[in-house]
Amino acid sequence: MSWFALGLELRRWRRAGQTPVLWWRDDDARTPSPELDRLLDLAARHGAPLTLAVIPDGDIPALAARLGGRTDVCVAQHGIDHQNRRTGPAAGEFPPEWRRIRVATLLRAGWSRLAAAPQASRIFVPPWNDIHPELAQALVDCGYAGWSAWGEAPVAGRAPRVDAHLDLMRWRGGARFRGEGRFLADFRKQLAARRRSGDWSAPIGLLTHHLAHDAPAWSFLDRFLAWSVGRGGLAWGALPELLSAAEH
Ligand SMILES: [Zn+2]
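Described in the following lines is the structure provided in the data block. (Residues numbered from 1 in each chain as written. Predicted model: local features only at pLDDT ≥ 70, side-chain atom pairs only at ≥ 80, totals over all residues. Heavy atoms only, no water.)

Our focus in this paragraph is helix α4 (residues 100–114). Taking 1.5 Å of rise per residue, the 15 residues of α4 would be expected to cover 21 Å, and the 21 Å separating its terminal C-alpha atoms lies within 8% of that figure. Along α4, the residues classified as buried are Val103, Ala104, Leu107, Gly110, Trp111 and Leu114. Along α4, the residues classed as buried sweep out an arc of 125° about the axis, all on the same side. The outward face of α4, more than 90 degrees from its buried face, is lined by the exposed residues Ile101 and Ser112. For α4, the secondary structure elements touched by its buried residues are β2 (50–54), α3 (60–67), β3 (73–77), β4 (120–124) and α5 (135–141). (Helix = DSSP H or I, 4+ residues; strand = E, 2+ residues; numbered from the N terminus. Expected span 1.5 Å × (residues − 1). Buried < 20%, exposed > 50% of the residue type's maximum accessible area, 1.4 Å probe, protein only. Arc of directions from axis to C-beta. Contact = heavy atoms within 4.5 Å.)

Structure, rendered in structure tokens:
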């Protein structure tokens with residue numbers, strides 16, 4: 001899989017008069033760090049709108065200070081504390097037997113910490129893409145504008161949801177760059193699926209984890225953003241607007 005094959009797919013979109021919409025989510029920030037600085041610099045340099053999924057138990061005032069007046073960054077709530085309370089292979093913050101009121105109480109407590117950041121949007125990103133049976137309704141009860149998980153996670157509830165689809169990293173056997181060929185193949189697959197189903201406006205989400213990137217991941221991210229931002233035939237969107245559009 002190559003840039004060439006990706007270009008062929010993009011040409012099919014162009015011929016159909018359609019423009020794919022990309023958006024970008026980075027997970028697991030708790031506090032400022034040199035890696036976060038690097039990420040924010042990349043976003044600014046390329047002019048790519050960025051959603052930071054922030055774990056609300058970190059140093060939110062320091063994070064907010066680091067973000068300063070950045071208007072290209074949106075802060076979403078990444079869980080409550082990113083602790084696994086499940087037994088068994090699938091990780092999740094909320095054990096399955098927890099009732100909606102308990103989930104909602106913790107969602108609200110997390111949001112109340114995060115809301116201090118000027119860029120905070122009331123959007124939820126479940127750690128490990130775990131979808132507790134009561135989560136979707138709890139988010140509606142708590143007034144969230146929407147949420148974001150992984151594209152293959154099951155559909156649940158009616159709250160607006162815009163997912164991520166392109167993981168920059170591979171996780172099994174230790175975090176490392178997914179590889180250019182695999183990443184581009186994933187991208188092409190997402191494009192082709194939307195073209196075939198006529199779901200042209202469904203956004204395609206790039207997922208990064210700044211604290212886990214190795215040198216090849218940083219380097220490819222830089223090249224991918226340079227290639228895609230401002231390119232004719234591709235559009236970049238910001239999560240809050242994409243969620244508003246998903247609502248209608
Ligand atoms: Zn996470």
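Quick look at the coordination of the zinc ion now. For the zinc ion, the protein coordination sphere consists of Asp28 (OD), His78 (NE2) and His82 (NE2), at 2.1 to 2.2 Å. Sequence spacing among the residues donating to the zinc ion works out to D-x49-H-x3-H. An identical accessibility class is assigned to histidine 78 and histidine 82; each is buried. (Donors = N, O, S within 2.8 Å, 3.2 Å for Na, K, Ca; no water.)

This part takes up the packing of aromatic side chains. Two aromatic rings, taken as a pair, are described by how far apart their centres are and by the angle between their planes. On inspection of all chains with the given rule, the structure shows eleven aromatic pairs. Ring geometry for tryptophan 13 versus tryptophan 200: centroids 4.8 Å apart, planes at 90°, classification edge-to-face. Residue tryptophan 13 is found in helix α1 (residues 3–15), and its partner tryptophan 200 is found in the loop between α6 (180–197) and β9 (204–208); the two are separated by 187 residues along the sequence. For the ring pair phenylalanine 220 and phenylalanine 224, a centre distance of 6.0 Å and an interplane angle of 20° mean the geometry is stacked. Highlighted residues: phenylalanine 220 and phenylalanine 224, both in helix α7 (residues 215–228), separated by four residues, approximately one helical turn. Take phenylalanine 220 and phenylalanine 224: they sit in the same class, and that class is buried. Three or more aromatic residues joined by ring pairs form one cluster here, namely Trp3, Phe177, Phe183, Phe187, Phe220, Phe224 and Trp227. We note arginine 161 situated over the ring of tryptophan 147; from NZ or CZ to the ring centre the distance is 5.0 Å. (Phe/Tyr/Trp six-rings, centres within 6.5 Å; stacked < 30°, edge-to-face > 60°. Lys NZ or Arg CZ within 6 Å of the ring centre and 35° of its normal.)

Attention now goes to the nonpolar core. The tendency in soluble globular proteins is for nonpolar side chains to be buried side by side. With 62 residues, the main nonpolar core has Trp24, Leu52, Leu107, Phe187, Leu221 and Phe224 as its most contacted residues. With seven residues, the single largest contributor to this core is α7. Beyond its immediate sequence surroundings of up to four residues, phenylalanine 224 is in contact with Trp3, Leu22, Phe183, Phe187, Leu206 and Trp236. Counting eleven residues, the second-largest nonpolar core is a separate cluster that includes Val21, Val162, Leu239 and Leu243. (Core = buried A, V, L, I, M, F, W, Y, C linked by side-chain atoms within 4.5 Å.)

Moving on: the pairing of β2. Every other side chain in a regular strand lies on the same face of the sheet, so the side chains alternate between the two faces. Counted residue by residue, β2 has five buried out of five residues, so it is predominantly covered. Across the two faces of β2 the burial is the same, with Leu50, Leu52 and Val54 and Thr51 and Ala53 all buried. Bridging between β2 and β3 involves five bridges; their strand directions are parallel. Its bridge partner being in β3, alanine 53 is matched across the sheet by alanine 76. For the crossover that starts at β2, traverses α3 and ends in the parallel β3, the hand is right-handed. (Pairing = 2+ DSSP bridges. Right-handed = clockwise from strand over helix to strand, strands pointing away.)

Another point: the environment of arginine 196. Mapped onto the fold, arginine 196 is located in helix α6. Taking the C-alpha atoms as reference, arginine 196 lies 13 Å from proline 20; in sequence the two are 176 residues apart.

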